Amino acid sequence: MMTFVNMDSDGLVILPTHRVVHSLAGFDPAALTRAAEEFFTVTSLPAADASSYINTLTHQQGTAFVAVTRSGALLLRSRPEPVAAALAHLPERQRQLDLSCLHSIVLDRLLGLDAEKVREQTNLRYLRDAAEAVDQVRRAEADVVFLTNPFPWSNSRRWPLPVT
């Protein structure tokens, strides 16, 4: 099954699907934080519920994610030059997508989840419900969850959507 969507359509909103990463051998949140600093400005967030994290995320300019681990939550805001270099192999329109950054840099490069592992969902689950995704980390059923924004958005506007 396939869907084609005009990326330039006004008012088009695709709700976020959060990435839940689990069963990684030797997952170390501190190592992830250190590795992420090459591509992202990393800011620790206070302990909160999923709706608070989503609220923080929706107010960011540019590509951003909230990563929640058992050690805490982090706001990852892309650093344009390193991210552009890392995504140079992708077509221009694809480089504009937050999820290209998440999959190519975070999942593949930083966590070692290549395209085959993602396709087979070896260590990855997809959830629409941000609260459930965060709860899976807190119940030790996942190593890290990456909360994402809806698509599309631009640097001048964000889509104010409730937590799903």
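Residue numbering note: each chain is counted from 1, following its sequence as written. Two thresholds apply to this predicted model, a pLDDT of at least 70 for residue-level local features and 80 or more for giving and counting side-chain atom pairs, whereas whole-chain, interface and lining totals are computed over all residues. Excluded from the side-chain calculations are hydrogens and water; all other atoms, namely the structure's heavy atoms, are used.

1. Concerning the overall build of the protein
Okay, so step 1: Looking only at helices and strands, one finds 7 helices and 6 strands in the protein.
Okay, so step 2: Here a strand is any run of E in DSSP of at least two residues, a helix any run of H or I of at least four, and the numbering for each starts at the N terminus. Ordering the α and β elements of the protein from the N terminus gives β-α-β-α-β-β-α-α-α-α-β-α-β.
Okay, so step 3: Burial classes follow relative accessibility: with a 1.4 Å probe on protein chains only, a residue under 20% of its type's maximum area counts as buried, one over 50% as exposed, and anything between as partly exposed. Burial status across the protein gives 43% buried among its 164 residues.
Okay, so step 4: A separation threshold of at least 6 residues defines the contact pool for the protein, and within that pool the share at least 24 residues apart is 72%.
Okay, so step 5: Accessible area of the protein: about 8,900 Å², with a carbon and sulfur share of 52%. The criterion used for residue contact is that any of the two residues' heavy atoms lie within 4.5 Å. Calculation of accessible area relied on Shrake-Rupley with a 1.4 Å probe; when residues are assessed, cover is drawn exclusively from the protein chains displayed.

2. A word on helix 1 (residues 29-36)
Count 3.6 residues to each turn of an α-helix, and residues three or four apart come out pointing the same way.
Okay, so step 1: Burial in helix 1 covers these residues: Leu32, Thr33 and Ala36. All buried residues of helix 1 lie within an arc of 100° about the axis, which places them on one face of the element.
Okay, so step 2: Looking at the packing, one finds that the buried side of helix 1 touches strand 2 (40-45), strand 4 (72-78), helix 5 (98-110) and strand 6 (144-147).
Okay, so step 3: Any N or O atom pair separated by 3.5 Å or less is treated as a polar contact, with the protein-specific requirement of one donor-capable and one acceptor-capable atom, and with residues adjacent in sequence counted only for side-chain atom pairs. In this structure aspartate 28 caps helix 1, since a side-chain oxygen of it lies 3.0 Å from the backbone nitrogen of alanine 30. The directions from the helix axis to the C-beta atoms are what the arc is built from.

3. Quick word on a negative patch on the surface
Okay, so step 1: A cluster of like negative charges, contributed by Asp108, Asp114, Glu116 and Glu120, occupies part of the molecular surface.
Okay, so step 2: Looking at where glutamate 116 falls in the secondary structure, it is placed in helix 6 (residues 115-120). Patch rule: a residue counts if its relative accessible area is over 30% and it has no salt bridge; like charges are joined within 9 Å, and nonpolar side chains (Val, Leu, Ile, Met, Phe, Trp, Tyr) within 5 Å. Just to be clear on terms, a salt bridge is a Lys or Arg side-chain nitrogen sitting within 4 Å of an Asp or Glu carboxyl oxygen. All tallies of charge rest on Lys and Arg as positive and Asp and Glu as negative; His and the ends of each chain are not included. Taken as the charge location is NZ of Lys, CZ of Arg, CG of Asp or CD of Glu.

4. A word on helix 7 (residues 130-138)
Okay, so step 1: Residues of helix 7 that are buried include every one of Ala130, Ala133, Val134, Gln136 and Val137, and no others. The buried side chains of helix 7 occupy one side of the element, clustering within an arc of 150° when seen end-on.
Okay, so step 2: Of the surrounding secondary structure, the elements contacted by the buried residues of helix 7 are strand 1 (18-21), helix 2 (50-58), strand 3 (64-69), strand 5 (124-127) and strand 6.
Okay, so step 3: N-capping of helix 7 is provided by aspartate 129, with a side-chain oxygen placed 2.9 Å from the backbone N of alanine 131.

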